[in-house]
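# Structural features, examined
If you want the building blocks of each chain, they are given just below.
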Amino acid sequence: MAKIPEDVIETVRTATNIADVVGQYVQLKKSGKNLFGLCPFHEERTPSFSVSEDKQIFHCFSCGRGGNVFKFLMELEHVSFREAVVKVADFSHVDLDTEYREEANAPAVDSKTGQLIDLHEQAAKLYHHILVNTEMGQPALDYLHQRGLTDATIEQYQLGFAPGQRLLKPFFDQRQADYQLLRQSGLFIENTQGELRDRFTERVMFPLRNASGHVAAFSGRVLKKTEDQPKYLNSPETALFTKSRLLFNFDLARPAIRQAGEVTLFEGYMDVISAAQAGVLNGIASMGTSLTTEQIYAIERTTDKINVCYDGDTPGQRATQRAIGLLQQHSHLQVSVIQLPEGQDPDEYRCAHGDEAFQQVMQSAKETPIRFQLRYLRRDRALDTDSERLAYLNDVMPLLAQVSEPVALDLYLNQLANEFQLDKSALVAQLKQVRQSTAAQQERQHVPAPTPVPLTAPVETVHQQRRPLTRLERAERQLLYWLLHDRNVWAKVTQVPDFCFVHDDYQVIYTLAQGYFQTHQAYQSAQFTDFIQEERLQQLVIELESTISLTAVTPQEIDDYLKVIMDEAPLDAQLRAKKRALTEASRLGDAAQQRQLVIEIVQLEQQRQANKQV
């Protein structure tokens, strides 16, 4: 495998704005000189993840991760450096020779995770081949065509078919796949004798991809429904697959989500695929379960707005109600509901009315969560009776009490007054009582009253709690920063006889910088981190770049840093050593040694005071 030359890597890096790449995964907002967003590497509610376009680096002030654009993809998608370079080159439309792309799109199989992904990728290819190229796959292919999917869509999503004849285990046996790896993959069922057999049979197969686009699991839809079989069967949870975290189609939809500024949450895989074929590319779905807080966080990192478009039947409406409650409780997302006419699900509507009508209804059928809930609370109510009307209004008032926009509230009250032929002032009076009762209850429970969340919240950054730095470390960090950034400082310090940093990490970075400047005219932090290679030192450089924001330095300041490092630091170390020795001499009762150490300590203190006066 050919190594990618440094000049090619640099071409890719300079052709790319790190903010554009990170922006595909993290919603970034300007704050000062940098961009901030929710960190993709850990869960947080206040943005602490920073991107510097000037320096082309990222840094999280909370978890401490940082690096350049390649490091970002390596950390987030768990790919190699080579894969990251190829991904960035493709993103920025930089041509790379075929030799550099060799195996770049394949998962790294030298790890257990990579081997499991490789198994799933091979399984997906086999299932897809059976669907599109064999007689046993023809019924499943006919079914998908009847559902309105084109061959291009089937190819894009790598849909497949698992036949009744169990072919997957023999397929891997021919390739001498590791038995323990097969056991852990979730692709098979193990009997009491330890024998493995295919988990999926007679099912249309939907590959479930992770954030980097690799197949991590499957969902199979049964072709012929029987009472003892579930309609959809998902892979069990494995080292690759956690249902509560993965979102179907999120890897393909992410660019469209960023472009549209919103995501559409569908109920099923077919809804997502059908919508994409119709040109609605920002659709995702949860894994056949209720929406989870982990999935919400992944969405919130990417966009501010979400449309919930679930099925129109009773289970779908209940699921919509649950999703609204969860989104409002656990996120700052602006929520809309898309309610399709005639109670249809999205796939049914597209098949019945066509792609263009589907695109139009996805825009025209949007409504607020309150509007949906007002209608949802009507279900199964006989509103022609006074008791049902009163019960409905009693359920509605707590919802309206949460509406903070005066115009929207007035609109809802007017509609209720007109529909039920009521005096609007009576509704206003009842609403006031509900709000007072809610406030009194919260006060009794010592719960702060909720405040409406602004649509665009100001960016408030969180900084990692660090141990206090000593005077010596502050001097070393400042001096190292300016050594890298100012060639005049570099020329001055490198002429100082016997100069070295006290702490090893700073000295190693300084030594590596000497090699870097032999082949590079100017310092670029994003480039230097690749030159360093060692993870711990890379993070230290990124931390310096992200926490030191001085715009200029004077010769006197450089002299002060040198003095602390070369004069005061050694004296401090000697003083600490002498004082420890004095304590030990006192414990042993060695009077002569005590007298000698006291004299030496006094002399060192005098020397330190003299240095401060110079």
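One can find the structure itself at the top, above this paragraph.
In this text the structure is predicted, and so the values were computed from the model without any measurement.

### With respect to the overall build of the protein
- Check the secondary structure of the protein and you find 27 helices and 16 strands.
- A globule of 614 residues ought to have a C-alpha radius of gyration of about 25 Å, yet the protein, at 32 Å, is considerably larger.
- Counting only C-alpha atoms and orienting by the principal axes, one finds that the protein spans roughly 100 × 75 × 55 Å.
- When contacts within the protein are restricted to residue pairs at least 6 apart in sequence, long-range pairs at least 24 apart make up 63% of them.
- Element-wise, carbon and sulfur atoms account for 49% of the exposed surface of the protein, whose accessible area totals about 31200 Å².
- Taking the average place of the 64 positive charges on the side chains of the protein and the average place of its 81 negative ones, the gap between the two points comes to 5 Å.

### Considerations on the pairing of strand β14 (residues 305-309)
- Of all 5 residues in β14, 4 are buried, a share of seventy percent or more.
- As paired strands, β14 and strand β15 (residues 334-338) are joined by 4 bridges and run parallel to one another. By the bridge assignment, lysine 305 is partnered in β15 with glutamine 334.
- The parallel pair β14 and β15, bridged by helix α14 (residues 314-330), forms a crossover whose chirality is right-handed.

### What to know about the nonpolar core
- The biggest cluster of nonpolar side chains holds 59 residues, and the ones touching the most others in it are Leu159, Leu168, Phe172, Phe218 and Phe248.
- For this core, the element with the highest residue contribution is helix α6 (residues 112-133), accounting for 9 residues.
- The residue makeup of this core includes at least three contributed by each of domain 2 (112-234) and domain 3 (250-362).

### Quick word on the packing of helix α19 (residues 406-420) against helix α20 (residues 424-444)
- For the pair α19 and α20, the least separation of the axes is 9 Å and the interaxial angle reads 125°. Judged by the angle between their axes, α19 and α20 are oblique. For the pair α19 and α20, the sense of crossing is right-handed. Facing α19, whose interface residues are Leu409, Asp410, Leu413, Asn414, Leu416 and Ala417, α20 presents Lys424, Leu427, Val428, Leu431 and Arg435.
- Grouping the amino acids of the contact of α19 with α20 by side-chain chemistry returns 7 nonpolar, 1 polar and 3 charged.

### Observations regarding the sheet that holds strand β16 (residues 366-367)
- Judged by pairing direction, the sheet is mixed, and its 5 strands sit side by side in the order β13-β12-β14-β15-β16 without closing on themselves. The open sheet has two free edges, formed respectively by β13 (283-285) and β16, since each of these has just one partner strand.
- Summarising the sheet, β15 and β16 pair through 2 bridges and their orientation is antiparallel. Bridge pairing in β16 places valine 337 opposite glutamate 367.

Procedures and definitions
- Residues numbered from 1 in each chain as written.
- Predicted model: local features only at pLDDT ≥ 70, side-chain atom pairs only at ≥ 80, totals over all residues.
- Heavy atoms only, no water.
- Helix = DSSP H or I, 4+ residues; strand = E, 2+ residues; numbered from the N terminus.
- Rg over C-alpha atoms; globule rule 2.2 N^0.38 Å.
- Contact = heavy atoms within 4.5 Å.
- Areas by Shrake-Rupley, 256 points an atom, 1.4 Å probe, with all protein chains shown as cover.
- Lys, Arg positive; Asp, Glu negative; His and termini not counted.
- Charge placed at Lys NZ, Arg CZ, Asp CG, Glu CD.
- Buried < 20%, exposed > 50% of the residue type's maximum accessible area, 1.4 Å probe, protein only.
- Pairing = 2+ DSSP bridges.
- Right-handed = clockwise from strand over helix to strand, strands pointing away.
- Core = buried A, V, L, I, M, F, W, Y, C linked by side-chain atoms within 4.5 Å.
- Domains from an automatic or database assignment.
- Axes fitted to C-alpha atoms, helices over the stretch in contact; angles between N-to-C directions.
- Parallel < 35°, antiparallel > 145°, perpendicular 65-115°, else oblique.
- Left-handed = near helix turned anticlockwise from the far one by under 90°.
- Nonpolar A, V, L, I, M, F, W, Y, C, P; charged D, E, K, R; others polar.

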